[in-house]
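Each chain is listed here by its residues.
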Amino acid sequence: VQLQASGGGLAQAGSSLTLSCAASGRTFSQYTVGWFRQAPGKEREFVSAIRWSGGSTYFADSVKGRFTISRDNAKNTVYLKMNNLEPEGTAVYYCAANPQIIITYMSSPNAYRYWGQGTEVTVSS
């Protein structure tokens with residue numbers, strides 16, 4: 001599975017951005033797709049995830065209520081819509097995927113085998 005993340009850029013605090021994660025090589029069927037972010041000097045942290053089968057979604061507390069995650073079956077793409085962006089959200093955002101991750105490990109980067117190259121998001125205050 002090859003993942004291509006896109007959609008990052010410069011945004012003002014309070015505005016919105018939508019990131020995309022497109023898969024090639026195989027479909028996302030039965031996969032869990034997650035978004036992580038890594039700010040300079042910090043560890044990679046979980047942002048959100050979606051189970052392709054069934055569409056269950058999961059969010060870090062820091063983005064709950066502001067971010068949404070969705071999927072497009074036809075395009076084999078996952079979207080992360082980020083609303084009300086905060087300067088603390090400045091980071092490189094990565095999408096990742098793995099078959100059948102149980103909830104306990106959903107937020108762990110180690111649970112994901114496949115990773116995209118990252119897309120940079122800068123939020124100015």
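Keep in mind that this is a model prediction, so the values were computed, not measured. (Residues numbered from 1 in each chain as written. Predicted model: local features only at pLDDT ≥ 70, side-chain atom pairs only at ≥ 80, totals over all residues. Heavy atoms only, no water.)

Novice: Please provide a residue-by-residue account of the environment of F59, values included.
Specialist: Take F59: it is sitting in strand β6 (residues 57-59). Distance from F59 to I69, taken between C-alpha atoms, is 8.7 Å for residues 10 residues apart in sequence. With near-sequence residues (within four places) excluded, F59 lies in contact with F46, V47, S48, K64, F67, T68 and I69. (Helix = DSSP H or I, 4+ residues; strand = E, 2+ residues; numbered from the N terminus. Contact = heavy atoms within 4.5 Å.)

Novice: Tell me about the packing of aromatic side chains, and name the residues and values.
Specialist: For the coordinates displayed, the defined rule picks out 6 aromatic pairs. Ring geometry for Y94 against W115: centres 6.4 Å apart, planes inclined by 75°, an arrangement best described as edge-to-face. Here Y94 is found in strand β9 (residues 91-99), whereas its partner W115 is found in strand β10 (residues 114-115), with 21 residues between them in sequence. The buried category is assigned to Y94, whose relative accessible area is 15%. Judged by relative accessible area, W115 falls into the partly exposed class, the value being 26%. On the numbers, 6.3 Å between centres and 65° between planes, the contact of Y112 with W115 is edge-to-face. (Phe/Tyr/Trp six-rings, centres within 6.5 Å; stacked < 30°, edge-to-face > 60°. Buried < 20%, exposed > 50% of the residue type's maximum accessible area, 1.4 Å probe, protein only.)

Novice: Before we move on, could you go through the nonpolar core and cite the residues and values that matter?
Specialist: F28, W35, V78, L80, M82, Y93 and Y112 are the most contacted members of the largest nonpolar core, which totals 39 residues. For this core, the secondary-structure elements that each account for two or more residues are β1 (2-6), β3 (17-24), β4 (31-38), β5 (45-51), β7 (67-72), β8 (77-82), β9 and β11 (119-124). It is β9 that provides the largest number of residues to this core, a total of 5 residues. Residue contacts for V78: discarding those within four places in its chain leaves L19, S20, C21, F28, V33, W35, I50, W52, I69, S70 and R71. (Core = buried A, V, L, I, M, F, W, Y, C linked by side-chain atoms within 4.5 Å.)

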